[in-house]
Amino acid sequence: MVLVHALGSNSGGQLATGDLDDVHHLATTRPLPESPTDCAKWRVCGGGNHTFMWTDRGPTLLGCGSNTDGELALSKEIASPLLCWTPVPFPGSHIQQIACGWSHTLLLNDQGHVYAAGSNTFGQLGAPSSAPWQRVAPGSCFVSIACGMRHSLALDTNGVVYGWGANRNGQLGIEPKGKQPNIPANPVSRGLGPIAMMACGRTHSILIASDRVTVYVAGQDKYAQWGPSAWVSGTWRAFQLPRPALKVCSGWDFAAVLLEGEGHSNVAMWGRADQGQLACRVDGAYRRDLDYVELPDVSDIACGSSHTVALTAGGSVFMWGWNEHGNAGDPTLNNVYTPLCVHENRPQGVVGIGCGYGNSFIVS
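What counts, and at which threshold
Residues numbered from 1 in each chain as written. Predicted model: local features only at pLDDT ≥ 70, side-chain atom pairs only at ≥ 80, totals over all residues. Heavy atoms only, no water. Pairing = 2+ DSSP bridges. Helix = DSSP H or I, 4+ residues; strand = E, 2+ residues; numbered from the N terminus. Axes fitted to C-alpha atoms, helices over the stretch in contact; angles between N-to-C directions. Salt bridge = Lys/Arg side-chain N within 4 Å of Asp/Glu carboxyl O. Buried < 20%, exposed > 50% of the residue type's maximum accessible area, 1.4 Å probe, protein only. Core = buried A, V, L, I, M, F, W, Y, C linked by side-chain atoms within 4.5 Å. Contact = heavy atoms within 4.5 Å. Phe/Tyr/Trp six-rings, centres within 6.5 Å; stacked < 30°, edge-to-face > 60°. Lys NZ or Arg CZ within 6 Å of the ring centre and 35° of its normal.

Colleague: Would you explain the sheet that holds strand S13 (residues 161-165) in this entry?
Modeller: The 4 strands are arranged S11-S12-S13-S14 in an open sheet whose pairing can be described as antiparallel. The strands lining the two open edges of the sheet, one partner per strand, are strand S11 (142-147) and strand S14 (183-187). In this sheet, neighbouring strand axes are inclined to one another by 15° on average, regardless of whether the strands run parallel or antiparallel. Relative to S14, S13 is paired through 3 bridges, and the arrangement is antiparallel. Within S14, the position partnered with Tyr 162 by the bridge is Pro 187.

This is the structure we're talking about:
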């Protein structure tokens, strides 16, 4: 049986607990409508007030929380918020990935097609929305997607990144020009070479090249989101990681990279740090140089707006960062400055983790 455990903000019903109360102690969500025995296939991702679960490359998509702007890709005639996991129709037969912004959603299906739903106030859907799921860049085939608060990225099969939506801070890698209209879906990584992975913050974007050590960052740098950038490639700042990346995640103003290699310190972080975002206390509001999280054998990471969840190879789950809603695991609601173990390895094990902007999820 698949169990989903949740913590944090629930004002939109995005924890699927059946109510609108924040959760300060790890709680089990309402049962899933479908519960395959292979729970390792389930993934979870959330935005401001909505959450999705789906089976990895599978035919099932479930949603909960707010649908005020159509971010759950359901008819607005359906009463919102949805307090339990609810089946959501989608184009295609299987899902590769879901990404969530504050009030919009991207979906990548098994055909490599990208679809968008929700608010389009900043052009974050990539096209005028006339259906629950609006296809983006229909002439292209994609392998990965990412959402910022109000901008979107998609990586195609040639390693080219397309971007659209808000660009006031240059987060799309395009020079902002005053009150420039919101950007439609267009390539934004030309000249950088093939890209392997990417992530979006609130007003910045991160790309990692196919060598998996070269990092490109564009957008706001108020909290050192550019990291230890050593050179410039057009509008993109760049620096090198010490080891190849396995995954990159971003919060609103900070970033985390899961690096190859066993043992301690295989998570590198940079950016805003005044609420514990980097799993340590620092002088000032941010850290530009890379910090390394002292955890053993981290196998997966996920970032909310200002907190992080990490899963170790042994099946334990740690959290740290901003904790106003209990989303980083401390029921006192104090910010968490060192990794806090909220779920130790148990016989049934942990098979997945995920974040919304103000909440955390564990799948077991």
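Colleague: Mind showing me how you'd approach the pattern of salt bridges here?
Modeller: Should their charged atoms come close, side chains of opposite charge can pair. In this structure the tally under the stated criterion is 7 salt bridges. Here Asp 253 ties to Arg 202 by a salt bridge, and the two come within 2.8 Å at their closest N and O atoms. Note that Asp 253 is positioned in the loop between strand S20 (245-250) and strand S21 (254-259) and Arg 202 in the loop between strand S15 (195-200) and strand S16 (204-209), a separation of 51 residues in sequence. The exposure class assigned to Asp 253 is buried, which follows from its relative accessible area of 3%. You can call Arg 202 partly exposed: its relative accessible area is 26%. Two residues, Arg 212 and Glu 260, come together in a salt bridge whose shortest N-O distance is 2.8 Å. With Arg 212 in the loop between S16 and strand S17 (214-219) and Glu 260 in the loop between S21 and strand S22 (267-272), this pair connects stretches of sequence that are 48 residues apart.

Colleague: I tried to follow the nonpolar core on my own but got confused; where do I start?
Modeller: Soluble globular proteins tend to pack their nonpolar side chains together in the buried interior. Of all hydrophobic cores here, the largest spans 47 residues; its most connected members are Met 53, Val 317 and Trp 320. Apart from the residues lying within four places of it in its own chain, the contact partners of Val 317 are Val 309, Ala 310, Leu 311, Leu 340, Cys 341, Val 342, His 343, Val 350, Ile 353 and Ile 362.

Colleague: Whenever I open this one, the packing of aromatic side chains confuses me. Can you help?
Modeller: Per the counting criterion, the structure on display carries 5 aromatic pairs. Taken together, a centroid distance of 5.4 Å and an interplanar angle of 85° make the contact between Phe 142 and Tyr 162 edge-to-face. One end of the pair, Phe 142, is in strand S11; the other, Tyr 162, is in strand S13, with 20 residues separating them in the sequence. Across this residue pair, the class does not change: Phe 142 and Tyr 162 are buried. Over the ring of Tyr 337 we find Arg 281; its NZ or CZ atom is 3.8 Å from the centre of that ring.

Colleague: Could you clarify how one ought to interpret unusual backbone geometry in this entry?
Modeller: The phi angle of most residues is negative, glycine excepted, and most peptide bonds adopt the trans form. Located in the positive-phi region is Ala 73, a residue other than glycine, with phi close to 60°. Among the residues examined, Ala 73 registers a relative accessible area of 6% and is labelled buried. Even without a glycine there, the phi angle at Leu 333 is positive, about 70°. Residue placement: Leu 333 occurs in the loop between strand S26 (317-321) and strand S27 (336-343).

Colleague: Please clarify how the sheet that holds strand S1 (residues 4-8) should be interpreted in this entry.
Modeller: Strands sit in the order S2-S1-S29-S28 across an open sheet of 4 strands; the sheet is antiparallel. Of all strands in the sheet, those with a lone pairing partner are strand S2 (23-28) and strand S28 (352-356), marking the two edges. Strand after strand, the sheet turns through a mean of 15° between neighbouring axes, direction not considered. Of the pairings in the sheet, the one linking S1 to strand S29 (residues 359-363) comprises 5 bridges and is antiparallel in character.

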